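Results of the structural survey
So the chains spell out like this:
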Amino acid sequence: SGKIDQYEWINKSRMDSKFGESDHTYTFGINYSDDKQSAGIKYRFNANNDLSTDEALLESQLDHQDKIDYYSFTTQKTPWHYTHRPSLYYMRKIGHWKTQIDFDYHESTPSEKTSTTKEGHTKAYELRSLTSKSGDKYQSFGARLDIDGPLWGGTLNVGGGYSWANNSFFNYNDEELKIPDLNSTLKEQTYVLYTEYSHAIAEKYMLTAGLRMEHVRNHYGNQSVANGVKDYIKTNLFPTLSFGGQLWGVNTQLSFRSQINRPNFWRLQPGYQYLSEYEYQVGDPNLKPGLSYTTQLMLNKSWVTLMLTHEYKVNSLTQETQPMKDPSDPTKLLPYKTVLKHINAAPYSTLGGALVLSPRVKWWQPTFTVGGMKLIGYDLQHFEETITNRKPFIYLNWQNQFTLPKELTITANLNYLPAGGSQDNLDIIGAQAFLNMEISKRWLKDNALTTTFSLNNFTFTPMKVRLVTKYTELTTTQRVMPRVTFTIAYRFNATKQKYQGKGALGSVIDRM
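The present account deals with the structure reproduced in this document. (Residues numbered from 1 in each chain as written. Predicted model: local features only at pLDDT ≥ 70, side-chain atom pairs only at ≥ 80, totals over all residues. Heavy atoms only, no water.)

1. A short note on the overall build of the protein
In terms of regular secondary structure, the protein is built from 1 helix and 32 strands. Evaluated residue by residue, the protein yields a buried proportion of 37% over its 512 residues. Here the contacts in the protein between residues at least 6 apart in sequence split such that 62% fall between residues at least 24 apart. Summed over all atoms, the accessible surface of the protein reaches about 29800 Å², with 57% contributed by carbon and sulfur. Each charge class in the protein was averaged separately, 56 positive and 49 negative side chains, and the resulting centres sit 9 Å apart. (Helix = DSSP H or I, 4+ residues; strand = E, 2+ residues; numbered from the N terminus. Buried < 20%, exposed > 50% of the residue type's maximum accessible area, 1.4 Å probe, protein only. Contact = heavy atoms within 4.5 Å. Areas by Shrake-Rupley, 256 points an atom, 1.4 Å probe, with all protein chains shown as cover. Lys, Arg positive; Asp, Glu negative; His and termini not counted. Charge placed at Lys NZ, Arg CZ, Asp CG, Glu CD.)

2. Examining the nonpolar core
Membership of the largest hydrophobic core comes to 13 residues, with the highest contact counts inside it found for Phe 169, Leu 186, Phe 265 and Val 508. Secondary-structure elements contributing two or more residues to this core are β9 (154-172), β10 (182-201) and α1 (506-510). With residues up to four places along the chain from it excluded, the contact list for Phe 265 reads Tyr 138, Asn 167, Phe 169, Leu 186, Glu 188, Val 508, Arg 511 and Met 512. Grouped together as the second largest cluster of nonpolar side chains are 12 residues, Met 373, Phe 393, Leu 417 and Ile 428 included. (Core = buried A, V, L, I, M, F, W, Y, C linked by side-chain atoms within 4.5 Å.)

3. Overview of the environment of Glu 385
For Glu 385, the location among the structural elements is in strand β23 (residues 385-387). A sequence separation of 311 residues divides Glu 385 from Thr 74, and the C-alpha atoms of the two residues are 36 Å apart.

4. Thoughts on the sheet that holds strand β27 (residues 426-428)
Overall, antiparallel pairing links the 4 strands, which are arranged β26-β27-β30-β31 in an open sheet. The open sheet terminates on both sides in strands that have one partner only, identified here as β26 (421-423) and β31 (473-478). Each neighbouring strand pair of the sheet contributes to a mean axis angle of 25°, computed without reference to strand direction. Note that β27 and strand β30 (residues 463-468) share 2 bridges and pair antiparallel. By the bridge assignment, Ile 428 is partnered in β30 with Val 465. (Pairing = 2+ DSSP bridges. Axes fitted to C-alpha atoms, helices over the stretch in contact; angles between N-to-C directions.)

5. Here we look at the pairing of strand β12 (residues 229-247)
The side chains of a regular strand alternate, residue by residue, between the two faces of the sheet. Here strand β11 (residues 205-222) pairs with β12 via 17 bridges, running antiparallel. Within the sheet, the bridge partner assigned to Gly 210 lies in β12 and is Thr 240. From the end of β12 to the start of strand β13 (residues 250-261), which pair antiparallel, there are 2 residues, and Trp 248 there has a positive phi angle of about 50°.

6. Some words on the sheet that holds strand β18 (residues 317-326)
Pairing is mixed across the open sheet formed by 4 strands, whose spatial order is β14-β15-β19-β18. The sheet terminates laterally at β14 (273-276) and β18, the two strands that pair on one side only. For this sheet the average axis-to-axis angle between neighbouring strands, irrespective of direction, equals 30°. Summarising the sheet, β18 and strand β19 (residues 329-344) pair through 9 bridges and their orientation is antiparallel. When the bridges of β19 are listed, Gln 319 appears paired with His 342.

7. Considerations on the packing of aromatic side chains
Each pair of aromatic rings is reported with the distance of its centres and the angle of its planes. Following the criterion strictly, the structure yields 17 aromatic pairs and no others. Note on Tyr 89 and Tyr 499: the rings are 5.0 Å apart at their centroids and 80° apart in plane angle, and the pair reads as edge-to-face. Linking Tyr 89 in strand β4 (residues 68-94) with Tyr 499 in the loop between β32 (483-490) and α1, this pair joins segments that are 410 residues apart in sequence. Judged by centre distance (4.9 Å) and plane angle (75°), the ring pair of Tyr 490 and Phe 492 falls under edge-to-face. Lying over the aromatic face of Phe 383, Lys 3 brings its terminal NZ or CZ to 5.4 Å of the ring centre. Geometry around Phe 265 places Arg 511 over its ring, the cationic atom sitting 4.1 Å from the centre. (Phe/Tyr/Trp six-rings, centres within 6.5 Å; stacked < 30°, edge-to-face > 60°. Lys NZ or Arg CZ within 6 Å of the ring centre and 35° of its normal.)

8. Some thoughts on the pairing of strand β29 (residues 449-459)
Where strand β28 (residues 432-443) meets β29, 9 bridges bridge the pair, whose relative direction is antiparallel. By the bridge assignment, Met 437 is partnered in β29 with Leu 455. Hairpin connection of β28 to β29: 5 residues between the antiparallel strands, including Leu 444 at a positive phi of 65°. When β29 meets β32, the two strands line up antiparallel, connected through 8 bridges. In the strand pairing of β32, Thr 451 is matched with Ile 488.

Here you go:
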């Protein structure tokens with residue numbers, strides 16, 4: 001439901017989605033090692049394509065008028081595209097010190113997704129047919145140097161790294177939608193230096209302190225709009241500190257860490273995506289990385305663990321609904337239409353706690369966890385109302401592992417949210433419960449053959465969430481179908497994995 005100036009509306013929709021994907025991954029490598037050094041090279045090749053369909057019914061009521069039905073059927077198809085990732089490393093031991101250097105390269109062939117949407121007041125889809133194309137291409141290189149060894153009775157780790165990324169994106173919408181296209185490039189260079197030192201105190205306590213520096217240079221260009229070039233240069237420092245040991249017979253650790261969460265590359269693209277007759281989505285190249293500062297106290301005695309956590313977040317990445325401006329005249333708003341936009345949230349805190357019980361009873365190893373989280377300072381604007389007191393988030397987990405005779409292993413994990421709660425800009429409504437199970441059996445000589453039966457996403461209740469903004473209220477009920485998997489794995493040899501490369505592009509590839 002929405003309200004912008006004199007316009008009000010209520011839209012109800014139901015969507016059934018089906019997904020199909022083919023994915024092939026091959027890894028080739030060679031490695032050498034002796035007592036003092038190790039070197040290796042690895043090449044990973046991936047081929048992927050997918051096809052998905054969405055069948056939807058939108059029931060629209062504008063300004064209390066009669067309801068209008070919109071039926072739509074969307075097909076999204078991405079042909080085969082490929083990625084190549086060669087990696088190599090060299091590691092050398094000099095006395096008690098170890099030095100390692102890694103090189104990483106990653107490149108994908110251009111991908112192109114074609115999306116076709118048929119719309120109508122009936123399933124004859126008599127109104128119109130919309131076709132859009134979007135795609136991307138990723139290329140990156142990284143190098144990393146890591147040195148660690150003993151120093152002054154403690155352990156020192158120092159290192160540095162460099163990564164370079166050159167990515168391109170396009171999004172061409174159907175001309176009938178009259179929204180701007182996207183043809184962009186994003187180039188990013190990241191320089192990293194880090195150090196960490198650990199030292200025992202009185203042989204009872206351990207003190208660890210570290211500092212990480214990241215310097216980023218980002219160049220963005222969008223050829224589809226005027227003045228579409230943006231440059232971003234930023235340096236951040238991230239300290240860490242940890243103190244642990246036994247206090248009155250209790251294992252105690254107090255730690256502080258700071259981290260950065262850079263937005264996925266697709267979130268930085270300002271191309272409009274058509275979601276429905278009244279909804280669009282768009283990214284923002286001005287998004288800042290999210291920063292978090294976490295303080296945690298952990299107490300442990302035997303199989304009982306207590307954790308208390310405070311986290312302060314700055315520029316947390318989220319989404320909100322905004323009125324949609326007319327692309328041909330930004331001074332005007334399109335009636336009844338909104339855009340889902342990526343934004344940086346105002347600073348806020350979370351308080352969390354968890355009690356973990358992990359006894360072991362012969363062949364049964366259960367873990368019981370009860371925890372909670374409360375948002376502080378994350379206010380929401382719900383039309384004219386400001387919501388400041390957010391509902392706490394309570395969760396219970398029951399994990400079980402049964403190690404039975406004849407190489408039979410059973411795991412069963414139950415997750416339960418008794419009353420929903422608030423998480424960032426979402427409110428989870430009502431109780432939630434889902435179960436994951438797995439039965440695994442090893443066979444033949446040296447247990448070379450393994451069969452596994454798993455059941456995932458077995459939900460007892462659907463997921464129901466609510467998102468409110470200054471202009472809209474969105475309530476979504478999602479039912480994810482259970483997934484059953486049966487796997488047969490045969491290990492042809494039991495040679496030890498000797499490849500010790502750490503890679504140099506992990507965080508960059510995670511953002512693709």
